[in-house]
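# Observations on the three-dimensional arrangement
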Amino acid sequence: MKFEEIYIDGFGIFHNYPIKNLTPGLTIFIGPNEAGKSTILSFQKRILFGFPDRRSGLNLYPPLAGGNHGGRLIISNADNTRYTIERYSKGTHNVKVIFPDGSTGGTTELSNLLGHANKDIFENIYAFGLTELQDFETLNSEAVKGRIYSAGTGIGAVSLSEVQKNLETEAGSFFKERGSKPEINAIFNEIKKIDSRLREIEKDTQNFDRLHKELEEITKEIGYVEQERNQIRTKSNHTTNLVTVWDDWRKIQEAEERLQKIPEIENFPENGIEMLERNIEKIDELNESISEKNERLEKIKIQKSVIRIDEKLIGNKDKILELQKGQDKYISATKGLPTVEETLKRDKEGLKGLLHEIGPDWDEEKLSNFDISIPTKETVRRKHNTLEEAKEKIRDTEKEVQGIEQKDIKNIEEEIEEVDKHLKTQSLQQIDEKKLEQQRKSLPLLRIKYQKLKEKEADMRNLDEKEELFTILKPHRAEPLPTLPIWPAFMLIAAGIVSLILSIFGNDWAIGISILAILSVSSIIYIILSRKELPTTTPEGFEDKEAEDLIKRSKDLSERRNKLESALQKIKSEILSNAEICDFGDIPDPQQIENKDSELRAASENQLKLNELKKQQEMRDQKLGKLREEANTVKKKLEALRKEEEKAQKDWRNWLTEKGLNLELTPEGTIDIFATIKTCLEKKKSIEETKARLNAIQESIEEYETKVSSVLEDCNRKNEEINVIVELEKITGELNQAIEDSKTLEQLDRDEENLKLELRTLEIKLEERQRTVSELLSQGFAESETEFRENARNWEERNKRMDEIIQREQNIKRISGNGKPYFDFINELEETSPEDLEEKELQLKERLEEIENNLSEVREKRGGIAKEIEQIERREEGSFLRMEKTVKMQKLKKNSDEWSILTLARTIMGKAIEKYEQERQPEVIKEAQSFFSKTTLGRYSRIYAPLDEAKIYVEDKDGRRKDIQDLSRGTTEQLYLSLRFGFVREFSKRAESLPIVFDDILVNFDPRRFRAACEAIKELTKTNQILYFTCHPETVDLLTEIIPDSKLVEIPVR
Amino acid sequence: MVQEFSFVHTADLHLDSPFKGISEISSEVSSELTNATFTAFDKIIDLCIEKQVDFLLIAGDVYDGADRSLRAQLRFRDGLKRLSEAEIKAYVVHGNHDPLAGWSANLDWPRNVHIFGGESVEKVSFEKDGEEIAQIYGISFHKRDIKTNLALEYPEKPNGAPFTIGMLHCNVGSDTGHDPYAPCTLENLISKNYDYWALGHIHKKTILNEDNPPIIYPGNPQGLNPKETGVRGCFLVKVDQKGDPSQEFIEVDSIRWFVKELSIDSLYTEQELITEIHNRIEKIREEAEGRSSVCRILLTGRGALHSSIALKGVLDDILKDLRENEEGEKQFVWIESIEDYTNPEIDRKSLLERKDFIGDLLKLFEEFSHDENKIAELKESLDPLFTSPSGRKLLESRDDEHFRDLIKKAETLCLDKLIGGKFT
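Residues numbered from 1 in each chain as written. Chains lettered and ligands numbered in written order. Predicted model: local features only at pLDDT ≥ 70, side-chain atom pairs only at ≥ 80, totals over all residues. Heavy atoms only, no water.

### Focus on the overall build of chain B
Looking only at helices and strands, chain B has twelve helices and 19 strands in total. Evaluated residue by residue, chain B yields a buried proportion of 55% over its 424 residues. Pairs at least 24 residues apart make up 71% of the contacts formed inside chain B by residues separated by at least 6 positions. For chain B, the accessible area works out to roughly 18,000 Å², and carbon and sulfur atoms hold 45% of it. (Helix = DSSP H or I, 4+ residues; strand = E, 2+ residues; numbered from the N terminus. Buried < 20%, exposed > 50% of the residue type's maximum accessible area, 1.4 Å probe, protein only. Contact = heavy atoms within 4.5 Å. Areas by Shrake-Rupley, 256 points an atom, 1.4 Å probe, with all protein chains shown as cover.)

Okay, here's the thing in structure tokens:
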């Protein structure tokens, strides 16, 4: 099959891209990298074999430049029929085959067209890539050989020998006939182990039954042995018992013998001896006590007789005690008496003194009469205050007066003096004020007038000049014109005014105003007219006019002159009068004026000052006058105050007299006196108190003494003038003694009584005891104590023996049991001897030990068996192992399957290779050979592939055989290509051939080999269409050189 | 009118039998599987006690005598002991796997257990509160190979007899799927007029006859290999006062088998495949309803993934990862294996048509898989393994179908090796 045309609708960078000039031979696609050669190649494959699934991760070459994703190929088959194969990725994905007659077909038809070739075939057989050749570099020689070999098989870059080896290795990893590493081998071993362990376990489980049986038997045996042991044990125990009781048995015999010997006694009181002895003891005790008591009694009697008591003393007991109590008081009183007297004296004197202070004639009576109550005090104070106030006021007022007179008036007088002085100095300069005034008034006038004068004089001069001129010029024409009088105008105005006034009076002044207005206007008109008349003289001709003018003018001038002269005169006279005023003799000149001015100014200033001062003086005088008045007023006040004070003083004195105090006293003094009076009163009081105390003390002393002496008398001890206290002491002591004695006596009586009682009790007890003793004796069947004792002894012994017997019998019974067994025991004992018994005992014990040992052995054994059984029961290992084994078996199965598959694959693969070698390879080699010799330019002529060896050899032209590893790299490549070409040829014979695609495979060939390869390619084009993609222009050149009828398709960069 | 009563019918316990068909196992899974049969049995006992049934029927194959598992028997005894304490009776017939003549430990059975003898059909009476409520006929296998029709030896139900149950470990019909022990026909059984037939031997729960009488294979209560997928349990049968039985299937298995297919047709990447498998696993987890499960995943279809899957170790890695994910799960899904039944993308037919080496190779494969002689030749090529001493002992011989399967796989392998490149 050959490509005729390619049309890319939208694929990668291409859109609407046709490629038309494809030859059945070699078409070269030239374009730089990235131009899109691989795109075109992929496009071809995709159109032929389908688009990959979106998810496959392959480059989908989406239509980047637009268009529908896909396109079409126009192909022609062997008989030159053209078909269009169209495929788009959108839509149904299905391919459309368009037959020349327009009918369409789908996948099946395409498949037929392609000869059932698919993508793999295309790639493995018809596509030649650069990487294949480049791989040769990295492959080792074995791999290279493999490749070479496979090249002839058409399965692409897979090396058959490698695959075979792979399969073998993998199979080997599963199983090898010898060895333990492969998985299956390992599992075999493991299973073997598990089996053996299981067998062991099985053995154990077999043991289970056996062990059970053993267990039973042993248990039985144990039973017997135990039984025997128990029996012997019983026997042994029995014997031991007998031995034990032997002693008792003997003792019983003995005791019975003894018993015989002791006399019988019916009965005997319990603890007889004891009781007897106790009682006797007690009797002795009692006797002792009795005698002791009697002794004591005697003593008391003696004591009693000794005591004697004074009754009287005791009678006065209370009194004496009382006096005793009061003793201290008495003593202190007597001691204190003088002190109190002293105090009294002092106080009295003190009082006297104080009274004196108050006043010489003051005595107590007065004192008591005096009222020093608070209101009185207040009165005093008030009066005092009044006085004080008055005094103060007086003082103040005096001060005031002083102040005024001394100070103020004086000051002002001083001032006035000063100023007067000042004025006097000034007065020299006193000027007549009036005159000054006048002068001052006149001076400015002077000035002005002077000015005017000068002006007028100037005017005069001017006028003179003008007149002169005029005189020269003017003709003398001067007519005096009559002038109209002005007085009518004034009459009009006056009339107007009058009327106005009238109208105002008549309250209708609007009319008045209007009349006035009219009249004034008319007066004005009149004036104007009158004036005007003057100039309107006769209008004569020019010259006349001029002459008139001149005439007028000169008239003017002379008038003026006159005026001026009069004015001047006036001014001068004025000036003169003024100058006179100013004391100028004549008309002064400006300088003089000025000087005068300043003079005047100064003078007026002085004048002013003076005036000022005068004024001040006046003022002061006024003030002085006022002050004097004031002083007088104050003095009057003072007088009044003084009078008041006097009154208050009088008042005070009156009061003093009333109170009987010294008239000289001041109120303060009076208050002091109050204090003193108070003190006096207090003192008086204390004096009285002291007096009273003194009395009391004296009284008590007397009383006391009286009491003491009465008591003494009563007790017959009265003595003359002896110290009270001492006597009291004595008597008190005696009293105490007496009291004590009486107490003692009482006590002795009591003791006597008690002793008598006790004595009685003891005697009674004694009798009792004695009774008891005699009873005891009779109980003990004894007449005397000695008998009694003997009886006691016998009784005891008897009892002891009997007890012994009973006890030993008990012992025996305890072991033997009561009743018959006991008697059996006794019988046995009677029949045997201790030695026998002991021997028997020993024997039995030995036997027992033996049995015990046996028993424990057997028990142990049984325990062991039980444990074994338990272990077996518990063992789960079996389950686990079985499970494991099953698992391993399954794994084994799987692995064996795997191994089988691998082996089968290898086997069949081998067969396929064989077949290939037999059927296909020869042809392939034949074809390859011709390519090979062409490309090696005859250097190598033959290729060999011996059967049963997956190898290829070459033979050079000299007939030498060479292994592939002996070839150079370049030759290897050539061989490889040749084989592939060979295969293509061979394949094309059997199946539909497709176009061959070279992807720049010759790029690394040197020029010589390149040519050689081109030769091969050329050869190939005879049978197959070849599309060669390259980016190297040199390649293109060479190719086109060697294969001239090749076509070029340029793919520019977009 | 009779008293009501109820009983549980189970069979084929296969206590302590290992799981078959697992090629790899982790230790935790292993322990769970070893205990699975016991757990199921315990659950049956629990069920009996909970429902306070009157007796339990066990129709054979309690354990595999060939295993000689003491543990199995001890556990069996313990379970029966529990029933005895709860005053529930147990009636046992033995089957081909646990024949009376086979090995069993010398154990004492609890009072409540009656094991039917192997000489002839025995009859036992079941009494409740002094009244005879049911009669049970049964016979055990005295040896493993019982090929006779034991059903014929059962007497017909006499008139006036109470509810009659027949227990038998047998193979009804000529079901070639099972070992032909004690073969009989359905008619044999129905003709006896019994009220209930408690059968055993077929591991898949089968109700041969719905009622009049119910003839039931309860199936094994715990699936033990990939062929025994689905729910497993026992039957709880209640008999009302009129004497009509009604049976209810109760699930008691603790580990369930699943075999799932997964097509790679629409999958492109390994990741997609793994995700899909995960999804399947989760589905399985759901279906297992709280139980742990063992599953085998079969990859089918053809697609681009085939070549990546076919690479050595790829599936193993995937498997390893998936198993690691399950580690620590209480309710685990143990993936026993992922089997590759996928084909390469390329259509085989078109490959055959090719004229190149591939085409030749395939043609050769065709030849070899259809020619008897060639097959024999191929089998010979496998002798090194299968005739090795261990191989002979441990490996099963390959049957033809399996062998053809292997050849197919070999072909796929070759194709993978030779073709494999991607589209460019």
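### So, the overall build of chain A
Broken down by element type, chain A carries 26 helices and 14 strands. Sequence separation of at least 24 residues holds for 75% of the intrachain contacts in chain A that already meet a minimum separation of 6. Carbon together with sulfur atoms contributes 50% to the accessible area of chain A, which is approximately 62,800 Å² in total.

### Description of the environment of L337 of chain A
Residues and elements named next belong to chain A. Tracing the backbone through its elements, the reader meets L337 in helix 10 (residues 317-358). A relative accessible area of 16% means that L337 is categorised as buried. For L337 and L694, which are 357 residues apart along the polypeptide, the C-alpha to C-alpha distance reads 7.0 Å. Not counting chain neighbours up to four residues away, the residues in contact with L337 comprise L694, I697 and Q698.

### As for the packing of aromatic side chains
Taken as a whole, this structure holds 36 aromatic pairs over all chains when the rule is applied. Between F49 of chain A and F122 of chain A, the ring centres sit 5.7 Å apart and the planes meet at 55°, which makes this aromatic pair tilted. In this pair, F49 of chain A is assigned in helix 1 (residues 37-49) and F122 of chain A in helix 3 (residues 119-126), connecting sequence segments 73 residues apart. The pair F49 of chain A / F122 of chain A is uniform in exposure class, with both members buried. Ring geometry for F7 of chain B versus Y196 of chain B: centroids 5.2 Å apart, planes at 80°, classification edge-to-face. Taken as a pair, F7 of chain B in strand 1 (residues 5-10) and Y196 of chain B in strand 10 (residues 196-200) lie far apart in primary sequence, 189 residues in all. In this structure an aromatic cluster arises from ring pairing among F5, F7, F55, Y91, F116, F126, F163 and Y196 of chain B. Sitting above the plane of the Y944 of chain A ring, R961 of chain A keeps its charged end 4.2 Å from the centroid. (Phe/Tyr/Trp six-rings, centres within 6.5 Å; stacked < 30°, edge-to-face > 60°. Lys NZ or Arg CZ within 6 Å of the ring centre and 35° of its normal.)

### Observations concerning the pattern of salt bridges
All names here are of chain A. By the definition in use, this model includes 68 salt bridges over all chains. Between R82 and E5 there is a salt bridge whose closest N-O contact spans 3.2 Å. Taken together, the residues R82 in strand 5 (residues 82-88) and E5 in strand 1 (residues 2-11) connect sequence positions 77 residues apart. The salt bridge involving K888 is made with E190; its shortest N-O contact spans 2.8 Å. Within this pair, whereas K888 is found in helix 23 (residues 877-935), its partner E190 is found in helix 7 (residues 183-261), the two being separated by 698 residues in sequence. (Salt bridge = Lys/Arg side-chain N within 4 Å of Asp/Glu carboxyl O.)

### A look at the packing of helix 20 (residues 785-816) of chain A against helix 21 (residues 820-831) of chain A
Each packed pair of helices is defined by two parameters, the angle between the axes and the distance between the axes. Residue and element names in this part refer to chain A. At their nearest, the axes of helix 20 and helix 21 sit 9 Å apart, and the two run at 110° to each other. Taken together, the axis directions place helix 20 and helix 21 in an arrangement best described as roughly perpendicular. Touching E809, I812, K813, I815 and S816 of helix 20 are P821, Y822 and F825, all from helix 21. (Axes fitted to C-alpha atoms, helices over the stretch in contact; angles between N-to-C directions. Parallel < 35°, antiparallel > 145°, perpendicular 65-115°, else oblique.)

### Overview of the interface of chain B and chain A
On the chain A side, the residues contacting the 73 residues of chain B number 77 residues. Summed over both partners, the interface of chain B with chain A comes to about 6,800 Å²; 67% of that surface belongs to carbon and sulfur atoms. Summed over the shared surface of chain B and chain A, the number is five salt bridges. Between D16 of chain B and R882 of chain A there is a salt bridge; the shortest N-O distance is 3.1 Å. On inspection of chain B and its partner chain A, the count reaches five residue pairs in polar contact (both at pLDDT 80 or more). Tallying contributions element by element places helix 12 (residues 400-418) of chain B first for the side of chain B that touches chain A, with ten residues. Looking at the side of chain B that touches chain A residue by residue, the class counts come to 34 nonpolar, 18 polar and 21 charged. (Buried area = accessible area lost by both parts, 1.4 Å probe. Polar contact = N/O pair within 3.5 Å; in protein donor to acceptor, adjacent residues only side chain to side chain. Nonpolar A, V, L, I, M, F, W, Y, C, P; charged D, E, K, R; others polar.)

### A short note on the packing of helix 23 of chain A against helix 12 of chain B
Their axes nearest at 8 Å, the elements helix 23 of chain A and helix 12 of chain B cross at an angle of 65°. Along this stretch, helix 23 of chain A crosses helix 12 of chain B, giving a crossing that reads as right-handed. Between helix 23 of chain A and helix 12 of chain B, the contacting residues are D897, S900, I901, L902, L904, A905 and M909 of chain A on the first element and H402, F403, L406, I407, K409, A410, L413, C414 and L418 of chain B on the second. Here the contact of helix 23 of chain A with helix 12 of chain B is built from residues that sort into twelve nonpolar, two polar and two charged. (Left-handed = near helix turned anticlockwise from the far one by under 90°.)

### Let's talk about helix 20 of chain A
Residues and elements named next belong to chain A. Between the first and last C-alpha of helix 20 there are 46 Å, a value that for 32 residues agrees with the 46 Å anticipated at 1.5 Å per step. Here helix 20 has its buried residues at F788, N791, A792, W795, R798, R801, E804, I805, R808, I812 and S816. Considering only its buried residues, helix 20 is in contact with helix 7, helix 8 (272-306), helix 19 (724-779) and helix 21. Looking at the residues trailing helix 20, positive phi occurs at G817, about 100°. (Expected span 1.5 Å × (residues − 1).)

### Section: the sheet that holds strand 5 of chain A
Residues and elements named next belong to chain A. What the six strands build is an open sheet, ordered 2-1-4-5-6-7; its pairing is antiparallel. Strands at the two margins of the open sheet, each flanked by one partner only, are strand 2 (14-19) and strand 7 (104-105). One ladder, built from four bridges, connects strand 1 with strand 2; its direction is antiparallel. The residue bridging F11 from the neighbouring strand is F14, located in strand 2. The sheet contacts of helix 1 involve strand 1, strand 2, strand 4 (70-76) and strand 5, and relative to strand 1 the element is tilted by about 100°. (Pairing = 2+ DSSP bridges.)

### Regarding the nonpolar core
Formed by 134 residues in total, the largest nonpolar core has its most connected members in F998 of chain A together with L418 of chain B. The dominant element in this core, judged by the number of residues it contributes, is helix 23 of chain A, at 16 residues. L323, A648, L694 and A738 of chain A belong to the second-largest nonpolar core, a separate cluster that totals 41 residues. (Core = buried A, V, L, I, M, F, W, Y, C linked by side-chain atoms within 4.5 Å.)

### Quick look at the environment of E336 of chain B
Residue and element names in this part refer to chain B. In this structure, E336 sits in strand 18 (residues 333-340). C-alpha of E336 to C-alpha of C295: the two residues are 41 residues apart in sequence and 5.5 Å apart in space. In terms of polar contacts, E336 uses its side chain to reach the side chain of S337, at 2.9 Å.

### Details of the pairing of strand 2 (residues 55-59) of chain B
Side-chain positions along a regular strand alternate between the two faces of the sheet. Residue and element names in this part refer to chain B. Within strand 2, five of the five residues are buried, which leaves the element mostly enclosed by the surrounding structure. Taking every second residue as pointing to the same face, both faces of strand 2 are buried, with F55, L57 and A59 on one and L56 and I58 on the other. Alignment of strand 1 against strand 2, held across four bridges, turns out to be parallel. By the bridge assignment for strand 2, V8 is matched with L56. The pairing of strand 2 with strand 3 (residues 89-93) spans five bridges and is parallel. Bridging from a neighbouring strand, I58 pairs with V92 of strand 3.

### Side note on a negative patch on the surface
A surface patch of like charges, here negative, comprises E183 and E898 of chain A together with E28, E32, E270, D316, D317, D321, E324 and E327 of chain B. Going through the elements one at a time, helix 1 (27-51) and helix 6 (314-326) of chain B are the ones with two or more residues in the negative patch. Looking at which element gives the most residues to the negative patch, the answer is helix 6 of chain B, with four residues. (Patch = residues over 30% accessible without salt bridge, like charges linked within 9 Å, V, L, I, M, F, W, Y side chains within 5 Å. Lys, Arg positive; Asp, Glu negative; His and termini not counted. Charge placed at Lys NZ, Arg CZ, Asp CG, Glu CD.)

### Observations regarding helix 10 of chain A
With 42 residues, helix 10 of chain A extends 60 Å between its outermost C-alpha atoms, agreeing within 8% with the 62 Å of an ideal straight helix rising 1.5 Å per residue. G326 of chain A marks where helix 10 of chain A bends most, by close to 40°. (Bend = angle between axes of the 7 residues up to and from the residue.)

### With respect to the state of the cysteines
Note on terminology: a disulfide is the covalent bond linking the sulfur atoms of two cysteines. Throughout the structure, instances matching the rule amount to zero disulfides over all chains. We note that C170 of chain B lacks a disulfide partner, and the nearest cysteine sulfur, in C184 of chain B, lies 3.8 Å from it. (Disulfide = S-S within 2.5 Å.)

### Re the sheet that holds strand 5 (residues 122-128) of chain B
Residue and element names in this part refer to chain B. Here we have six strands laid out as an open sheet, ordered 5-6-7-10-12-11, and mixed in their pairing. Single-partner strands in this sheet number two, and they are strand 5 and strand 11 (206-209). Sheet twist, expressed as the average angle between the axes of neighbouring strands with direction ignored, equals 20°. Two elements, strand 10 and strand 12 (residues 215-217), share two bridges in a ladder whose sense is parallel. Each residue of the ladder has a partner; that of A198, found in strand 12, is I216.

### Considering the pairing of strand 12 (residues 996-999) of chain A
All names here are of chain A. Where strand 8 (residues 127-128) and strand 12 come together, two bridges link them in parallel fashion. Residue pairing across strands places F128 opposite F998, the latter belonging to strand 12. With four bridges connecting them, strand 12 and strand 13 (residues 1026-1030) associate as parallel partners. In the strand pairing of strand 13, I996 is matched with I1026. Remark: the strand 12/helix 25 (residues 1007-1021)/strand 13 crossover connection has right-handed handedness. (Right-handed = clockwise from strand over helix to strand, strands pointing away.)

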